[in-house]
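Residue strings, one per chain:
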Amino acid sequence: MNDLLKQVGACLRDARRVAILTGAGISAESGIPTFRDALTGLWARFNPADLATPEAFFRNPERVSRWYDERRCQVAQCQPNPGHLALARLQKCMVGQGKTFALITQNVDRLHHAAGSTGVIELHGSLWVWRCVACGKEVEERGPAFDSYPPCCACGGFRRPGVVWFGEMLPAEALAAAERAVEACDYFMSIGTSAAVYPAAGLIAQALRTRANVLEVNPEETPFSARADWSIRGQSGQVLPRIVDEAFGVATAAHHQSEGSDGNRCTEES
Ligand code: APR
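### With respect to the sheet that holds strand β5 (residues 138-140)
Part 1: If you walk across this open sheet you meet the three strands as β5-β4-β6, and the pairing is antiparallel. At either margin of the open sheet sits one strand with a lone partner, and together these are β5 and β6 (159-163). Pairwise comparison of adjacent strand axes, ignoring direction, gives a mean angle of 40° for this sheet.
Part 2: By the bridge criterion, five bridges tie strand β4 (residues 125-132) to β6 in an arrangement that is antiparallel. By the bridge assignment for β6, arginine 131 is matched with arginine 160.

And the structure:
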């Protein structure tokens, strides 16, 4: 494993344009269940047709909004893990060296943001943003659980979570920005996604069509594992910090230091 991480890290150090797609797996070590884990996955315990479609919401807005609000309150107790922090550090190191970096996520928990990542491309919306289905007004909700369900807007309309449900279109701008970043990248990472849901999984297929190096990190195999340059069976919170350390030097707690005269060492407070 060490030799593999050295090789993957060395290539990352030489990359000039990185694009990363993350899924629920990167937040698993923060205590947030994934969707498709056989036992603990949300869709192993709940039927997505009853909770994650616009039809389900209009059939039972009380139930659906309560379920998402409970998830919002659970996520509020969670912290970014070393996997999120490693990607935030990678962004700082790369941007500090004048290189390009794009972080694309399917997650709605904003733990990347909490870890310090900026310009995160959210393909599936956010649990923190609630939208009125009548007037369209969006409000970021960071407070305690709602008093009643479904929560209502000042206009009287029901409010729904600002996530993308099955059967709904992804935000066009976010998808276009993601496709541009993947088309231009020379190093692509697929982290913690089962690659089962499109069009997000299509970004992995797109990266494999380009000349980019493609890294996958997932404890389980995915439909793309055999085609990736490297497919590492491991937890992202353990693997990503080691890869970024290989590429940019071991992160020290001492102090922020941007890239020095040696050109490829970039340490910061971890
Ligand atoms: N580190 C890395 N990967 C992990 C970890 C971990 N610690 N733990 C689990 N995984 C992997 C699992 O093996 C699985 O392949 O993360 C993946 C999670 O897959 P899903 O639960 O299918 O989540 P995701 O791919 O993000 O789902 C895509 O589907 O339900 C919709 O909108 C929802 O955004 C979601 C989309």
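### Quick notes on the sheet that holds strand β8 (residues 213-217)
Part 1: Spatial ordering of the open sheet is given by β3-β2-β1-β7-β8-β9, a layout of six strands whose pairing is parallel. Strand pairing shows two members of the sheet lacking a second neighbour, β3 (121-122) and β9 (230-232), which therefore form its edges.
Part 2: Of the strands in this sheet, β1 (17-22), β7 (187-191), β8 and β9 touch helix α1 (residues 2-14), which is tilted by about 125° from β9.

### Concerning the site of the ligand
Part 1: As a matter of local geometry, the ligand sits amid 21 residues, with Phe35, Arg36, Thr193, Ser194 and Asn218 nearest to it.
Part 2: Within the side chain of histidine 124, a nitrogen or oxygen atom sits 2.8 Å from an oxygen atom of the ligand.
Part 3: Residue asparagine 218 places a side-chain N or O atom 2.7 Å away from an oxygen atom belonging to the ligand.
Part 4: In the shell around the ligand, the residues fall into seven nonpolar, 11 polar and three charged.

### Description of the packing of aromatic side chains
Part 1: The final tally for this structure, using the stated rule, is 11 aromatic pairs.
Part 2: Measuring from ring centre to ring centre gives 5.3 Å for phenylalanine 46 and tryptophan 67, while their planes differ by 70°; the resulting arrangement is edge-to-face. Here phenylalanine 46 is found in the loop between α3 (42-45) and α4 (48-51), whereas its partner tryptophan 67 is found in helix α6 (residues 61-75), with 21 residues between them in sequence.
Part 3: Through pairs of rings, three or more aromatic residues link up here, namely Phe35, Trp43, Phe46, Phe57, Phe58, Trp67, Tyr68, Trp165 and Phe166.
Part 4: Over the ring of phenylalanine 146 we find arginine 72; its NZ or CZ atom is 5.0 Å from the centre of that ring.
Part 5: In this structure, arginine 142 packs its charged tip against the face of tryptophan 128, placed 3.9 Å from the ring centre.

### With respect to the packing of helix α9 (residues 172-184) against helix α10 (residues 202-209)
Part 1: Interhelical geometry of α9 versus α10 gives an angle of 25° and a closest axis separation of 8 Å. Overall, the two elements α9 and α10 adopt an arrangement that is roughly parallel. Here the hand of the crossing between α9 and α10 comes out right-handed. Contacts from Ala178, Glu179, Val182 and Glu183 in α9 reach Leu203, Gln206 and Ala207 in α10.
Part 2: Of the residues in the contact of α9 with α10, the class split is four nonpolar, one polar and two charged.

Thresholds, definitions, all that
- Residue numbering note: each chain is counted from 1, following its sequence as written.
- The predicted nature of this model means local features are confined to residues of pLDDT at least 70 and side-chain atom pairs, given and counted, to a pLDDT of 80 or more, with totals for whole chains, interfaces and linings taken over all residues.
- Each side-chain value is derived from all of the structure's non-hydrogen atoms; neither hydrogens nor water enter the calculation.
- We treat two strands as partners when DSSP finds at least two bridges between them.
- Runs of H or I in DSSP of at least four residues are treated as helices and runs of E of at least two as strands, each being numbered from the N terminus.
- Axes, fitted as lines to C-alpha atoms, cover a helix only where it is in contact. Angles between the N-to-C directions of the axes lie from 0 to 180 degrees.
- Throughout, a contact is declared for two residues whenever any of their heavy atoms are within 4.5 Å.
- If a single non-hydrogen atom of a residue is within 4 Å of a molecule or strand, that residue counts as near it.
- Here a polar contact is recorded for every N or O atom pair within 3.5 Å, except that within protein the pair must consist of a potential hydrogen donor and a potential acceptor, and residues adjacent in sequence are included only if both atoms are side-chain atoms.
- Under the scheme applied, nonpolar residues are Ala, Val, Leu, Ile, Met, Phe, Trp, Tyr, Cys and Pro; charged residues are Asp, Glu, Lys and Arg; polar residues are all the others, including Gly.
- Pairing of aromatic rings covers Phe, Tyr and the six-membered ring of Trp, with a centre-to-centre limit of 6.5 Å; geometry is then stacked below 30 degrees between planes, edge-to-face above 60, and tilted otherwise.
- Two limits define a charge over a ring: the Lys NZ or Arg CZ must be within 6 Å of the ring centre, and within 35 degrees of the ring normal.
- Throughout this description, any angle smaller than 35 degrees is read as roughly parallel, any larger than 145 degrees as roughly antiparallel, any in the 65 to 115 degree range as roughly perpendicular, and the remainder as oblique.
- Each helix crossing is assigned a hand: it is left-handed if the near helix lies turned anticlockwise from the far helix by less than a right angle, otherwise right-handed if that turn is clockwise.

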